[in-house]
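# Overview (structure and organization)
One-letter residues, chain by chain:
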Amino acid sequence: MALRLPRSLRNQFILAVAALALLILAGGVTAVYALHVNTSATQVLVDKRLGQMKDAQELVRRTLLIEREAYQLSTAGSGQEMRASYADILEHLTSFDQTVDRLAAADDDLGVLDLHQSGQLFRNTVNIVGQLRESEFSAAGTSPTQSAPSQPQFHAELRGQAGQMVQATQAQSERVTQAYREAMLALAETSQKNQRWVTVLLSASLLLAWLVARRFLGKHVLARLELVSASLRKTDIGEGEFVVPVQGRDEIGAMARAVEQFQEDRRQLALANAALLVERARQEELIGKLAQAHSQLLQSEKLASIGQLAAGVAHEINNPVAFVNSNLGTLRDYVEDLFKTLAAYEQSEKELSPATQKAMDDLKQQIDLAYLREDMGSLLSESMDGLQRVKRIVQDLRDFSHVDDSGKQMASLETGLDSTLNVVWSALKDRVEVRKEYAGIPEIECIPSQINQVFMNLLINAGQAIDGPGSVTLRTGSDSVHVWAEVCDSGSGIAPENLDRIFDPFFTTKPVGTGPGLGLSIAYGIVSRHGGRIEVHSEPGTGATFRVVLPRQSVLSLAPIPSETA
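Residues numbered from 1 in each chain as written. Predicted model: local features only at pLDDT ≥ 70, side-chain atom pairs only at ≥ 80, totals over all residues. Heavy atoms only, no water.

### Focus on the packing of aromatic side chains
What the rule picks out here adds up to 0 aromatic pairs. When the ring centre of Trp484 is taken as origin, the NZ or CZ atom of Arg547, which lies over that ring, is 3.8 Å away. (Phe/Tyr/Trp six-rings, centres within 6.5 Å; stacked < 30°, edge-to-face > 60°. Lys NZ or Arg CZ within 6 Å of the ring centre and 35° of its normal.)

Below is the structure:
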């Protein structure tokens, strides 16, 4: 039957800690008890056995002293020495009896009774020998040096009993020492037993702690928490129901269910976020297209207004230029007639009076008639040439805008380059040298105003890319399938990381306010609608080359394409 744990993880932890605490408490109590037992045994050993050893050693010492004094008693040369030895023996015997009494009171050893008997016997013998020696010294009446001991059998008996007492006390000392050793061994054995009990309890505590750590903390807590943590960190939750493999009614089980709900909410959120991202991308694309269409519409209306304005201005300029040109032609005829009349008068000057001739000569010199006759023709010719240039500029403006015809027609790219160059020349003439390398390419069917818009954007970009004096080269060429026109500048070039973005709408590397970033985008759209392409080659610091490649056979759609000035 499985152990039923409390529902709360906190109560489970308290239960495990309480079990460990009880086991540790039991081990502690056992250790304290064992220590108390050892301390008590040691105290008893010190109080009893060690005291007995001291008494036994004291007996040995006393018997040795008694043996020495007995020898001195039996060999004393004077009564005074004999009496001193006798008194010392009695004193030692008294101490001997007291020590024997302590040993008898401390232990029931029968050897102590033998000591008592030996002591009494030796006391009697000492008394007899003392009396004999006293009698000898009294009867002799001689000096100590002249007296000699009598009754040698008593003296031998005295020394023999003293030796027996020494042996008996030594035997008693050995018995006490042996008893002390046995008590020490018993105490050591008791200590070992207590040590084994404490070791068993400590081992059981460690085993229980290991079992609790492995079973409760390891499998029941940490392992389940790791499963919950791994499930929480899992990023690929799949399409089906997400399940955390953790069971239980405690807090970890509740956490697992919460993680399941969290991952489900996360999956739903990811799906919603993905849908939002798709919708956002679609909205951004639509917004970009709308912004581009709006900007292109504005630029288209601007270009249409500029075209209409250019057409009106050209028309208004053509009228005064026409009558000024006509009047200059008539004036030139009139001047020629006047000069013819003046020549006729000059031929008749000789018929005039000298005074009249002199007045006429003075007038000629005053007005410098010769210079007027020579300069008048030049002035009229230069004026006529100036008017022709004005007419050509107006015509280039009309050709660039193609207000008269905005549909498909045959046109030359070289003519378009020239017309566009005349329109933007004011932005280039002060610092840019323009070189033309035309190959005489054939005309193609296109919308010239749109192609000219492409050329204008490329020419203005080339001029803006040149910082200071530089050059712009216009090249054309063709093959059996395509015709192409190049605008090559000596400017700063285009960074490699920007080459893939220069045709994106609103992308520009120019300073803020220079342009909206639609020029190349619209140019790319115009060329694409004509079935062509724009090729770019550039290296930073060496300039850039834009090549407009168009097919000889038209594939153009007639849908209107807005344009934008760079």
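We are not done yet, so read on.
### Let's talk about a nonpolar patch on the surface
Judged by side-chain polarity, Leu352, Met360, Leu363, Ile367, Tyr371 and Leu372 come together as a nonpolar surface patch covering roughly 490 Å² of accessible area. Elements with a minimum of two residues in the nonpolar patch: helix 6 (354–367) and helix 7 (369–401). Here Met360 is to be found in helix 6. Relative accessible area serves as the criterion here: at 31%, Met360 is assigned to the partly exposed category. (Patch = residues over 30% accessible without salt bridge, like charges linked within 9 Å, V, L, I, M, F, W, Y side chains within 5 Å. Areas by Shrake-Rupley, 256 points an atom, 1.4 Å probe, with all protein chains shown as cover. Salt bridge = Lys/Arg side-chain N within 4 Å of Asp/Glu carboxyl O. Helix = DSSP H or I, 4+ residues; strand = E, 2+ residues; numbered from the N terminus. Buried < 20%, exposed > 50% of the residue type's maximum accessible area, 1.4 Å probe, protein only.)

### Some thoughts on the sheet that holds strand 2 (residues 432–437)
Taken together, the 5 strands give an open sheet; going across it, the order is 2-4-5-7-6, and neighbouring strands pair in mixed fashion. Where the open sheet ends on each side, the last strands, each with one partner, are strand 2 and strand 6 (533–539). On average, adjacent strands in this sheet sit at an angle of 15° to one another, irrespective of strand direction. (Pairing = 2+ DSSP bridges. Axes fitted to C-alpha atoms, helices over the stretch in contact; angles between N-to-C directions.)

### Overview of the packing of helix 8 (residues 413–424) against helix 9 (residues 448–465)
The geometry of helix 8 relative to helix 9 is characterised by a closest axis approach of 9 Å and an angle of 50° between their N-to-C directions. Taken together, the axis directions place helix 8 and helix 9 in an arrangement best described as oblique. Regarding helix 8 and helix 9, the two cross each other, and that crossing is right-handed. Between helix 8, through Leu413, Gly416, Leu417, Thr420, Leu421 and Val424, and helix 9, the contact on the second element is made entirely by Ile451, Asn452, Phe455, Met456, Leu459 and Ile460. Across the contact of helix 8 with helix 9, the residue classes tally to 9 nonpolar, 3 polar and no charged. (Parallel < 35°, antiparallel > 145°, perpendicular 65-115°, else oblique. Left-handed = near helix turned anticlockwise from the far one by under 90°. Contact = heavy atoms within 4.5 Å. Nonpolar A, V, L, I, M, F, W, Y, C, P; charged D, E, K, R; others polar.)

### Some details on helix 6
Three- or four-residue spacings in an α-helix give side chains the same orientation, since the helix completes a turn every 3.6 residues. Its 14 residues give helix 6 an end-to-end C-alpha distance of 20 Å, which sits within 8% of 20 Å, the value for a rise of 1.5 Å per residue. Asp368 lies just past helix 6 and shows a positive phi near 55°. (Expected span 1.5 Å × (residues − 1).)

### A look at the side chain of Ser538
Within the element layout of this structure, Ser538 appears in strand 6. Under the relative-accessibility criterion, Ser538 is labelled buried at 10%. A distance of 2.8 Å separates a polar atom in the side chain of Ser538 from the backbone nitrogen of Ile494. From its side chain, Ser538 meets the backbone oxygen of Gly543 in a polar contact 3.1 Å long. When residues no more than four places from it in sequence are discounted, the contact partners of Ser538 are Gly493, Ile494, Leu499, Gly543 and Ala544. (Polar contact = N/O pair within 3.5 Å; in protein donor to acceptor, adjacent residues only side chain to side chain.)

### Remarks on the nonpolar core
Judged by nonpolar contacts, the single largest core of 36 residues is most densely connected at Leu413, Val472, Phe546 and Leu550. With 7 residues, helix 9 is the single largest residue contributor to this core. Those residues in contact with Val472 that lie beyond four places of it in its chain are Val432, Glu433, Val434, Arg435, Leu459, Ala462, Ile466, Val487, Cys488 and Asp489. Counting residues in each nonpolar core, the second largest holds 20 residues, with Leu93, Val112, Val126 and Met165 among its members. (Core = buried A, V, L, I, M, F, W, Y, C linked by side-chain atoms within 4.5 Å.)

### Things to note about the environment of Trp425
Here Trp425 shows up in the loop between helix 8 and strand 2. Residues Trp425 and Gly463, spaced 38 residues apart in sequence, show a C-alpha to C-alpha distance of 10.0 Å. Setting aside residues no more than four positions away along its own chain, Trp425 makes contact with Val432 and Val434.

### Section: the pattern of salt bridges
Scanning the entire structure with this criterion turns up 12 salt bridges. Taking the shortest distance from any N to any O, the salt bridge between Arg62 and Glu58 comes out at 2.8 Å. Remark: Glu58 and Arg62 occur in helix 1 (residues 9–75); sequence separation between them is 4 residues, near one turn of the helix. For the salt bridge of Glu486 with Arg547, the shortest nitrogen-to-oxygen distance reads 2.6 Å.

### Examining the confidence of the model for the protein chain
When pLDDT is averaged across the protein chain, the result is 76; 79% of the residues are at 70 or more. Averaged over each element, pLDDT in the protein chain is lowest for helix 7 (73) and highest for strand 5 (residues 482–489) (93). Low confidence marks residues 142–148, where pLDDT is under 50. Its contacts with residues over four positions away, or in another chain, come to 8 contacts. Within the model, pLDDT remains below 50 along residues 558–566, and this stretch shows 33 contacts once partners closer than five positions in the same chain are excluded. (pLDDT = per-residue confidence, 0-100.)

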